[in-house]
Amino acid sequence: MFDTLSDRLATVFSTLRGKGRLTPADIDATAREIRIALLEADVALPVVRTFIAAIKERATAADVSAALNPAQQVIKIVNEELVDILGGETRRLVFAKNPPTVIMLAGLQGAGKTTLAGKLALWLRGQGHAPLLVACDLQRPNAVTQLQVVGEQAGVAVFAPEPGNGVGDPVGVAKSGIEFAKSKLHDIVIVDTAGRLGVDAELMQQAADIRDAVDPNEILFVLDAMIGQDAVNTAQAFADGVGFTGVVLTKLDGDARGGAALSVRQITGVPIMFASTGEKLADFDTFHPDRMASRILGMGDMLTLIEQA
Amino acid sequence: SRSQNAFGRSLLGLLGAGTLDEDSWTDVEDTLLMADLGAGAAAEITQKLRTEVARQGVTDSVSARALLRRVLIEAVETDAQGNIPDRTVKALPHDGRPSVLLVVGVNGTGKTTTTGKLARVLVADGRSVVLGAADTFRAAAADQLQTWGERAGATVVRAEAGADPASVAFDAVRRGITDGADAVLIDTAGRLHTKTGLMDELGKVKRVIEKQAVVDEILLVLDATTGQNGLVQARVFAEVVDVTGIVLTKLDGTAKGGIVVAVQRALGVPVKLVGLGEGPDDLAPFEPAAFVDALLGD
Ligand SMILES: Nc1nc2c(ncn2[C@@H]2O[C@H](COP(=O)(O)OP(=O)(O)OP(=O)(O)O)[C@@H](O)[C@H]2O)c(=O)[nH]1
Ligand SMILES: Nc1nc2c(ncn2[C@@H]2O[C@H](COP(=O)(O)OP(=O)(O)OP(=O)(O)O)[C@@H](O)[C@H]2O)c(=O)[nH]1
Ligand SMILES: [Mg+2]
Ligand SMILES: [Mg+2]
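Rules of the game
Residues numbered from 1 in each chain as written. Chains lettered and ligands numbered in written order. Predicted model: local features only at pLDDT ≥ 70, side-chain atom pairs only at ≥ 80, totals over all residues. Heavy atoms only, no water. Helix = DSSP H or I, 4+ residues; strand = E, 2+ residues; numbered from the N terminus. Rg over C-alpha atoms; globule rule 2.2 N^0.38 Å. Buried < 20%, exposed > 50% of the residue type's maximum accessible area, 1.4 Å probe, protein only. Near = heavy atom within 4 Å. Polar contact = N/O pair within 3.5 Å; in protein donor to acceptor, adjacent residues only side chain to side chain. Areas by Shrake-Rupley, 256 points an atom, 1.4 Å probe, with all protein chains shown as cover. Nonpolar A, V, L, I, M, F, W, Y, C, P; charged D, E, K, R; others polar. Pairing = 2+ DSSP bridges. Axes fitted to C-alpha atoms, helices over the stretch in contact; angles between N-to-C directions. Expected span 1.5 Å × (residues − 1). Contact = heavy atoms within 4.5 Å. Buried area = accessible area lost by both parts, 1.4 Å probe. Salt bridge = Lys/Arg side-chain N within 4 Å of Asp/Glu carboxyl O. Parallel < 35°, antiparallel > 145°, perpendicular 65-115°, else oblique. Left-handed = near helix turned anticlockwise from the far one by under 90°.

Peer 1: Quick one: what's the story with the overall build of chain B, residue by residue and with numbers?
Peer 2: A tally of regular secondary structure across chain B gives eleven helices and eight strands. Taking 2.2 N^0.38 as the reference for a compact globule, 298 residues should give roughly 19 Å; the C-alpha atoms of chain B span a radius of gyration of 21 Å, in line with that estimate. The dimensions of chain B, computed from C-alpha atoms along their principal axes, are 70 × 40 × 30 Å. A buried classification covers 57% of the 298 residues belonging to chain B.

Peer 1: So what's going on with the site of ligand 2? Residues and values would help.
Peer 2: Taken together, 22 residues sit near ligand 2, with Lys111, Thr112, Thr113, Arg138 and Glu278 of chain B positioned nearest. One of the side-chain nitrogen or oxygen atoms of glutamine 109 of chain A is found 3.5 Å away from a nitrogen atom of ligand 2. Threonine 112 of chain B places a side-chain nitrogen or oxygen 2.8 Å from an oxygen atom of ligand 2. Calculation on ligand 2 without its partners gives an accessible area of 650 Å², and the protein chains cover 97% of this total. Here the shell around ligand 2 gets four residues from one element, more than from any other, and that element is helix α5 (residues 111-124) of chain B. Of the residues in the shell around ligand 2, the class split is two nonpolar, twelve polar and eight charged.

Peer 1: Tell me about the site of ligand 1, residues and numbers included.
Peer 2: Around ligand 1 there are 23 residues in total, and Gly112, Lys113, Thr114, Thr115 and Arg140 of chain A lie nearest to it. The environment of ligand 1 is shared, with nearby residues belonging to chains A and B. Separating an oxygen atom of ligand 1 from a backbone N or O atom of alanine 111 of chain A is a distance of 3.2 Å. A distance of 3.4 Å separates an oxygen atom of ligand 1 from a polar backbone atom of glycine 195 of chain A. Considering ligand 1 on its own, with 650 Å² of exposed area, one finds that the protein chains cover 97% of that surface. No other element matches the four residues that helix α5 (residues 113-126) of chain A contributes to the shell around ligand 1. When grouped by side-chain class, the residues that make up the shell around ligand 1 number three nonpolar, twelve polar and eight charged.

Peer 1: Mind laying out unusual backbone geometry, listing which residues take part and the relevant values?
Peer 2: Residue and element names in this part refer to chain A. In this chain, proline 99 is followed by proline 100 through a cis amide linkage whose omega measures 5°. Note that proline 100 resides in the loop between α4 (70-86) and β1 (101-107). A positive phi is found at leucine 185, a non-glycine position, where the angle reads about 60°. As for its position among the elements, leucine 185 is in the loop between α7 (170-183) and β4 (188-193). The exposure class assigned to leucine 185 is exposed, which follows from its relative accessible area of 72%.

Peer 1: How would you summarise the sheet that holds strand β6 (residues 245-249) of chain B if you had to cite specific residues and measurements?
Peer 2: All names here are of chain B. In space, the eight strands of this open sheet follow the order β3-β2-β4-β1-β5-β6-β7-β8, with mixed pairing throughout. One side of each edge strand has no neighbouring strand; the edge strands of this open sheet are β3 (155-157) and β8 (283-285). Averaged over all neighbouring strand pairs, the angle between strand axes comes to 25°, with direction disregarded. Sheet topology places strand β2 (residues 129-134) next to β3; three bridges connect them, and they run parallel.

Peer 1: An account of the sheet that holds β1 of chain A is requested, with residue identities and associated values reported.
Peer 2: Backbone-to-backbone hydrogen bonds pair the strands of a sheet. The strands run either parallel or antiparallel. Residue and element names in this part refer to chain A. The strand order across the open sheet built from eight strands is β3-β2-β4-β1-β5-β6-β7-β8, with neighbouring strands paired in mixed fashion. Single-partner strands in this sheet number two, and they are β3 (157-159) and β8 (284-286). Direction aside, neighbouring strands of the sheet carry axes that sit 25° apart on average. Note: strand β6 (residues 246-250) against strand β7 (residues 272-276), three bridges, orientation parallel. For leucine 249, the partnering residue across the bridge sits in β7 and is alanine 275.

Peer 1: Describe α5 of chain A, and please don't skip the residues or the numbers.
Peer 2: Residue and element names in this part refer to chain A. Under the 1.5 Å per step criterion, the end-to-end length of α5 is 20 Å for 14 residues, consistent within 8% with the ideal 20 Å. Looking only at α5, the buried set comprises Lys113, Thr114, Leu116, Ala117, Gly118, Lys119, Leu120, Ala121 and Leu124. Once α5 finishes, glycine 128 follows within two positions and takes phi at roughly 90°, a positive value.

Peer 1: Could you give me a rundown of the interface of chain A and chain B, with the residues and numbers involved?
Peer 2: Interfaces are frequently sized by the accessible area removed from exposure as the parts join. Counting residues at the interface gives 38 residues for chain A, matched by 38 residues for chain B. Regarding the contact of chain A and chain B, the summed buried area is about 3400 Å², with carbon and sulfur atoms giving 59% of it. Linking chain A with chain B are three salt bridges, by the criterion used here. A salt bridge links arginine 35 of chain A to aspartate 30 of chain B, with the nearest nitrogen and oxygen atoms 3.5 Å apart.

Peer 1: Can you tell me about helix α8 (residues 201-214) of chain A, naming the residues and giving the values?
Peer 2: All names here are of chain A. Spanning 14 residues, α8 covers 20 Å between terminal C-alpha atoms, matching the ideal 20 Å at 1.5 Å per step. Those residues of α8 that fall on the buried side of the exposure criterion are Leu203, Met204, Gln206, Ala207, Ala208, Ile210 and Val214. Buried positions along α8 lie against β1, β2 (131-136), α7, β4 and α9 (231-241). Just downstream of α8, aspartate 215 is the residue with a positive phi angle, here 45°.

Peer 1: How would you summarise the packing of helix α2 (residues 24-40) of chain A against helix α3 (residues 45-61) of chain A if you had to cite specific residues and measurements?
Peer 2: Residues and elements named next belong to chain A. In contact at an axis separation of 10 Å, α2 and α3 are set at 150° when each is read in the N-to-C sense. Judged on the interaxial angle alone, α3 and α2 are roughly antiparallel. The two elements α2 and α3 cross, and the hand of that crossing is right-handed. On the side of α2, the interface is formed by Ile27, Asp28, Ala31, Ile34, Arg35, Leu38 and Leu39, while α3 contributes Leu45, Val48, Phe51, Ile52, Ile55, Lys56, Ala59 and Thr60. Residue composition of the contact of α2 with α3, grouped by class: eleven nonpolar, one polar and three charged.

Peer 1: Tell me about the packing of helix α8 (residues 196-209) of chain B against helix α9 (residues 229-241) of chain B, and name the residues and values.
Peer 2: Residues and elements named next belong to chain B. The geometry of α8 relative to α9 is characterised by a closest axis approach of 9 Å and an angle of 40° between their N-to-C directions. One way to sum up the angle between α8 and α9 is to call them oblique. The element α8 and its partner α9 pack so that their crossing is right-handed. Along its contact with α8, which presents Met199, Leu202, Gly203 and Lys206, the element α9 presents Val236, Phe237, Val240 and Val241. Considered class by class, the residues forming the contact of α8 with α9 number six nonpolar, one polar and one charged.

Set out below in structure tokens:
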């Protein structure tokens, strides 16, 4: 549907190629195309600005005597900057010294938290752990039932003392969930919470109260890869309201370019840890920064272009 | 908000200096970009405003702002041909049969919630409603719809997990007809538009319903937080099931839902309803002026 960056740059490069060096006009023309491609990939505007400024600076300073032609130089710079922002240290889950390890999930409505709870449980169970799912979404109709079904599919226990649908205290459930896990020797507790908006101060406070009740080792911010410019507001609101230690991108099995990955990483500095890639519990992977860079701007094609050039 | 300030400043800059410089126009465009209008629509609308500002010789900030508001409302209100589309939801019985509505969209956008809210509106209006739980895949999806049915006072037709969604939809419509219901609302499973198997399944759900009734509305539920992918979603869903209206959900958050501007323009499918919360009454008709005011941060 959208042109990839390589499509866009092909036009620019057809005039650039062979000139031997990048003129300021070349750099501007290239930067314009990169800007549009980033916006079409849903990278947040403030992040686009920072990114473009960095590209321009590096392109201007690029060594003109380098072995690469101008087109190759730009591609290389863009790729390096992208992977640099997305990558950094890819981090593993932090486990508690004294079990249980507590993982709390938070995010907007419908992002994929409950499904992720099942995925994490299945994945951790496969590594020999004994996870417990704790049903703290007592708001969304049948969120508790959903977590029970998901737990059954993952073959793990579910702590769900309250029926939900508006009945019960999520903070109380969170607290007793930890006690229950200790008594039953579960070494991991995954706390599913209700979806909430960044602007909902009351629900954000509830999330902070749940956090304080369970003292999590990890708080994972679950984010739909299809999100647009609002990624910045939302990520900031969750960072301020409850805080998070890792990001999980969901619905990566679609064709959204997922520019939000870049935005959230740049704005919060928190690493993206996992990728959710389908509705089934096995559709789950650790996050690969290089793949994400290719995805956002069609860099895969561009890197081949470098090799061909 | 930040974007509003950028825009406010730029317009004031324009009026102080007499002409708007490139940077100020960039700020105007940025406001639209931050609302998810997309690079194409943002550039087009900015250009249009620019032309109008020059043509009308606008001199004060109040008129300039009013002009932008008007340009935007026009872009949101009309289709690509400049006509104002019909935004009513066809949910009334006709020919002695219930109206049939199908609710579709990608995962987690708010289909089940919207179905429940719509039932609530209709029941409050004295209508009898049958809900069809044609999401037989998602964990506890039918339970969720059942809870909504109880809230709204609607009958729910459901089957066991894993059943054929088309046959649940068929049964729900049959139940609606035999009960003499006024409307049958079919909730479907979330599916990404890229999954051809699931999209084929959706086409089948529609065809099977059509064996015994006309499908009056196919509502595509779009999440306001969605970025440029929303246009791709709408395009593919419209191809597969002939979408008649958009429901833009989660507008109670900070997201502006600007992608619907492109969706309406490109596909001619109007936004009919908006979701403004998780409660049963948080559903409202789409109003272009209110949408634009929220977009501009008024
Ligand atoms: N295609 C796809 N669908 C997903 C993925 N993760 C979750 N889903 C679907 O997205 C929808 C919402 O997922 P949930 O897990 O219920 O999301 P949630 O964040 O718990 O939602 P709330 O509790 O209502 O806030 C469901 O239809 C899931 O099957 C994914 O990676 N890919
Ligand atoms: N804030 C807000 N939340 C909403 C709105 N509409 C739906 N939600 C929430 O979004 C989440 C997903 O809603 P559902 O109705 O389950 O979405 P769905 O499209 O049926 O999801 P799947 O069937 O899993 O694809 C739930 O937590 C809802 O309460 C809305 O207008 N505003
Ligand atoms: Mg959930
Ligand atoms: Mg649903």
